[in-house]
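Residue-level listing of the chains:
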Amino acid sequence: MQFFSTRDYSRKVTSSEAIAQGLSGEGGLFVPESFPQVDVEALCSLEYPEMAAAILGQYLTDYDAGFLAQATAKTYGDAFGGKAGYLACVSDGVYALELWHGPTCAFKDYALQLMPRLLVEAKRNLGRTEKTLILVATSGDTGKAALDGYHDIPGIEIAVFYPTGGTSEIQRLQMATQEGENVAVYAVRGNFDDAQTGVKRVFADKEIAAKLAERNIRLSSANSINWGRLVPQIVYYFAAYAQLLHAGKIRLGDEVDFCVPTGNFGDILAGYYAKRMGLPVGRLVCASNKNNVLTDFLRTGAYTARREFYKTSSPSMDILVSSNLERLLCHVTGSDTEVASLMRQLSEQGSYTVRPETLAAIQETFACGYAEEDEVAAEIRARYEQDGYLCDTHTAVAFHVAARQKREGTPMVVLSTASPFKFPRSVLAALGHAAPENDFEAMRALEEATGRKAPASLAALRQKAERFNTVIDPADIARVALGEQMK
Ligand SMILES: *Cc1c(COP(=O)(O)O)cnc(C)c1O
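Here, residues in each chain are numbered from 1, in the same order as that chain's written sequence. Totals for whole chains, interfaces and linings use every residue, but because this is a predicted model, local features are given only for residues with pLDDT of at least 70 and side-chain atom pairs only at 80 or more, for both listing and counting. No hydrogens and no water enter the side-chain calculation; it runs on all heavy atoms of the structure.

Within an unreviewed UniProt entry, the label attached to the protein reads Threonine synthase, and the organism entered is Candidatus Faecalibacterium intestinavium. In UniProt, the protein has this text filed under Sequence similarities (unreviewed entry): "Belongs to the threonine synthase family." UniProt positions are given in the numbering used here, feature names are shortened, and annotations may be inferred rather than shown by experiment.

## Observations concerning the overall build of the protein
Each helix is a run of H or I in the DSSP string that is no shorter than four residues. Each strand is a run of E no shorter than two, and both are numbered from the N terminus. Counting secondary structure elements, the protein contains 22 helices and 16 strands. We compute the radius of gyration from the C-alpha atoms alone; for a globule the expected value is 2.2 Å times N to the 0.38, where N is the number of residues. For 487 residues, the compact-globule estimate of 2.2 N^0.38 gives 23 Å, and the C-alpha radius of gyration of the protein, at 21 Å, lies within 12% of that figure. On the principal axes, the C-alpha backbone points of the protein span a range of 60 × 50 × 45 Å. Relative accessibility under 20% of the residue-type maximum defines a buried residue, over 50% an exposed one, and the middle range a partly exposed one, all with a 1.4 Å probe and only protein chains included. Burial analysis of the protein (487 residues in total) assigns 61% to the buried set.

## Things to note about the packing of helix α12 (residues 266-276) against helix α14 (residues 325-333)
Working convention: axes come from line fits to C-alpha atoms, limited for helices to the stretch in contact. Angles between N-to-C directions cover 0 to 180 degrees. Running from amino to carboxyl end, α12 crosses α14 at an angle of 30 degrees, the nearest separation of the two axes being 10 Å. In terms of orientation, α12 lies roughly parallel with respect to α14. In contact with Leu-269, Tyr-272 and Tyr-273 of α12, α14 contributes Arg-327, Leu-328, His-331 and Val-332. Of the residues belonging to the contact of α12 with α14, the class tally is 5 nonpolar, 1 polar and 1 charged. We call two directions roughly parallel when the angle between them is under 35 degrees, roughly antiparallel when it is over 145, roughly perpendicular when it lies between 65 and 115, and oblique otherwise. In what follows, a contact means two residues having at least one pair of non-hydrogen atoms within 4.5 Å. Note on residue categories: nonpolar means Ala, Val, Leu, Ile, Met, Phe, Trp, Tyr, Cys or Pro, charged means Asp, Glu, Lys or Arg, and polar means any other residue, Gly included.

## Digging into the packing of α14 against helix α16 (residues 356-365)
Look at α14 against α16: their axes get within 10 Å of each other, and the N-to-C directions meet at 105 degrees. By the angle between their axes, α14 is roughly perpendicular relative to α16. Within the contact between the two elements, α14 uses Leu-328, Leu-329, Val-332 and Thr-333 and α16 uses Thr-358, Ala-361 and Ile-362.

## Re helix α9 (residues 192-204)
By this rule, a helix spans an expected 1.5 Å times one less than how many residues it contains. Taking 1.5 Å as the rise per residue, α9 with 13 residues should run 18 Å; its terminal C-alpha atoms sit 18 Å apart, in good agreement. Of the residues making up α9, those classed as buried are Phe-192, Asp-193, Ala-195, Gln-196, Gly-198, Val-199, Val-202 and Phe-203. As for α9, its buried residues are in contact with β6 (131-137), β7 (156-163), β8 (183-188), α10 (206-214), β9 (217-221) and α22 (477-481). For α9, the N-terminal capping position is held by Asn-191, with its side-chain oxygen 3.0 Å away from the main-chain nitrogen of Asp-193. Between N or O atoms, a polar contact is any pair within 3.5 Å; within protein, one atom must be a potential hydrogen donor and the other a potential acceptor, and residues adjacent in sequence are included only when both atoms are from side chains.

## Points about the UniProt feature "domain: Threonine synthase N-terminal" (unreviewed entry) in the protein
In the numbering adopted here, UniProt assigns the feature "domain: Threonine synthase N-terminal" (unreviewed entry) to residues 2-76. For residues 2-76, helix accounts for 48% and strand for 16%, while the C-alpha atoms at its two ends are 26 Å apart.

## Things to note about the sheet that holds strand β11 (residues 281-288)
By this definition, two strands are paired if DSSP reports at least two bridges between them. The 6 strands are arranged β4-β5-β15-β10-β11-β14 in an open sheet whose pairing can be described as mixed. Two strands in the sheet have a free side with no partner beyond their single neighbour: β4 (86-91) and β14 (366-370). Looking at each pair of strands side by side, their axes are set apart by 25 degrees on average, direction ignored. Where strand β10 (residues 256-261) meets β11, 5 bridges bridge the pair, whose relative direction is parallel. Each bridged residue has a counterpart across the sheet, and for Cys-259 the counterpart in β11 is Val-285. Sitting on the sheet, helix α13 (residues 293-300) touches β11 and β14, and the angle it makes with β14 is about 140 degrees.

## Things to note about the pattern of salt bridges
A carboxyl oxygen of Asp or Glu within 4 Å of a side-chain nitrogen of Lys or Arg is what we treat as a salt bridge. For the structure shown, the criterion picks out 26 salt bridges. Between Arg-383 and Asp-387 there is a salt bridge, with the nearest N and O atoms lying 2.6 Å from each other. Remark: Asp-387 and Arg-383 occur in helix α17 (residues 373-387); sequence separation between them is 4 residues, near one turn of the helix. Look at Arg-383 and you get buried, because its relative accessible area is 13%. For Asp-387, a relative accessible area of 25% translates into the label partly exposed. Each member of the salt-bridge network shares a partner with another, and the members are Asp-8, Arg-11 and Glu-26.

## A closer look at the sheet that holds β6
With respect to topology, 5 strands assemble into an open sheet ordered β9-β6-β7-β8-β16, the strand pairing being parallel. The open sheet terminates on both sides in strands that have one partner only, identified here as β9 and β16 (471-472). Lying on the sheet, helix α6 (residues 115-126) is in contact with β6, β7 and β9; it crosses β6 at an angle near 145 degrees. Set on the sheet, α9 makes contact with β6, β7, β8 and β9; between it and β6 the angle comes to about 155 degrees.

## Section: the layout of surface pockets
Vacant regions in the atomic arrangement are exposed by a probe of water-molecule size rolled over the atoms. Only protein atoms enter the 1 Å grid used here, on which a cavity is any set of points holding a 1.4 Å probe that cannot leave and a pocket is any open set flanked by protein within 12 Å on both sides along at least five of seven lines; residues with an atom within 4 Å of a point are listed as lining. Grid points are joined across faces, edges and corners, and a volume is the space filled by probe spheres set on the points. Of the pockets and cavities examined, the largest pocket occupies roughly 1300 Å³. Taken together, 46 residues line the largest pocket, and the ones lying closest to its centre are Leu-23, Gly-27, Lys-200, Arg-201 and Ala-204. Among the elements of the structure, α1 (15-21), α9, α10, β9, α14 and α15 (336-349) are those that each provide at least two residues to the lining of the largest pocket. Among the elements that take part in the lining of the largest pocket, α9 stands out by supplying 7 residues, more than any other. Class assignment for the residues of the lining of the largest pocket results in 20 nonpolar, 13 polar and 13 charged. The volume enclosed by the second largest pocket comes to roughly 440 Å³. Lining the second largest pocket are 24 residues, with Glu-157, Val-183, Ala-184, Tyr-186 and Val-480 sitting closest to its centre. Elements with a contribution of two residues or more to the lining of the second largest pocket: β6, β7, β8 and α22.

## A look at the site of the ligand
Here, proximity means that at least one heavy atom of the residue falls within 4 Å of the molecule or strand. The environment of the ligand is formed by 15 residues, the closest being Lys-108, Asp-141, Gly-263, Asn-264 and Thr-417. In this structure, an oxygen atom belonging to the ligand sits 2.7 Å away from a main-chain N or O atom of Asn-264. Contact with the protein chains hides 98% of the accessible area of the ligand, taken as 380 Å² for the molecule alone. Any molecule with more than half of its atoms within 2 Å of a cavity's or pocket's grid points is counted as sitting in it. A molecule is said to occupy a pocket when more than half its atoms come within 2 Å of that pocket's grid points, and by this definition the ligand occupies the largest cavity. Computed with a 1.4 Å probe, the accessible areas rest on the Shrake-Rupley method; for each residue, only the protein chains presented here act as cover.

## Considerations on empty space enclosed by the protein
What the rule picks out here adds up to 5 cavities of 30 Å³ or more. Of the pockets and cavities examined, the largest cavity occupies roughly 270 Å³. Along the walls of the largest cavity sit 26 residues, with Phe-107, Lys-108, Gly-263, Asn-264 and Ser-316 positioned nearest its centre. Elements represented by at least two residues in the lining of the largest cavity include exactly α7 (141-150), α11 (227-246) and α12. Residues of the lining of the largest cavity, tallied by class, amount to 9 nonpolar, 13 polar and 4 charged.

Put into structure tokens, the structure is as follows:
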């Protein structure tokens, strides 16, 4: 299996190169040249780690199969407490795919607990000995998941950039208290898009690359623009299907719809790959918060990033430039020049419009909707009071949209992307309780109000020392990459 750039099909690389490099040289994203067709029934008989190894093996063809088996066994065993890809029944025909049983309590652990192993092996496959410097822009959850995955991995350094005031206090502390000799964390003035644009600029800067090369350092990315981030996420769509099958809720071949709380369009795109590989996915429902740029796009074909930015209670979805949409456009249009032109319009004018045929093709698979802030809170309360199901703010966005897109007779799986205890103040307030200012007191109050236990890793943050408190401007990200001291 080869991978090519969305903006230049002549740039082909192996999976090891795609993972080691992250982004293609001219700014495009790597996509697989084809969609491998799989035996769904056979896959559904496998345990999560074996299923992951089988699916990864379809794409990472220059990796050793034994390595993949071992890496997935190590990643999805103990670290997920035996709950990798766990599907909970919420109400009749509605399910929650709980993706937050990993170490940092958000779905990003699925990719970022595995990525360090994939990267180290990619370098081995390629015979590379340089140091890898990973730059991560985060709206909250990616940063911690990446830090947890990459800390103290030999040959790798990681710097994380999050928007000041753009994360929950728990999310901020998860990052600021990170241990490890090879990690650094910076707050960036601005919003997530400012941080992401700053990081993308560094990746595109040939001068920086040359300076780093002199010191035997190479840049890489842990954001979902990296193929290594996407491929592990395909697995849990199969796992959800397998559980519905085993529970007798569906028969082999029946369609299942998925509703995904979406920011950078990575998680939902993994569902698109699952569908193209032969999993009977009906519709993929894209759920947005008040930053509903994707809802507008999926309805009209016009993508308009130049618009007001809202800070919401689901910060990991506060994104106006959804990077992975570029991959979908590539698969639907089949034209590198067309995608390159759309992306140029996006960076120069802040918007683009796809052709009507392109929109129609996308709408065959993708439905959409969004939730206002009061609807998110009402959804948290409704799910708890009516179904006894406690969910976080991001998942609530998806539940709200899922209810409006539910098709009679077709199961709806909502991707539950974070633990409710990661956003305790918002969840507590939604349940109608007075929320304390302090996140840890809110966590305890939420435990008392619901009788559920906060994940140990979150409760333990209170005792940890903060190591990082530097605030920088987006333009300083380049200086950080070059190793200049920031105060
Ligand atoms: C990152 C994140 C999302 C959005 O996922 P994308 O792949 O960026 O679309 C949704 N919910 C939570 C909790 C997240 O951390």
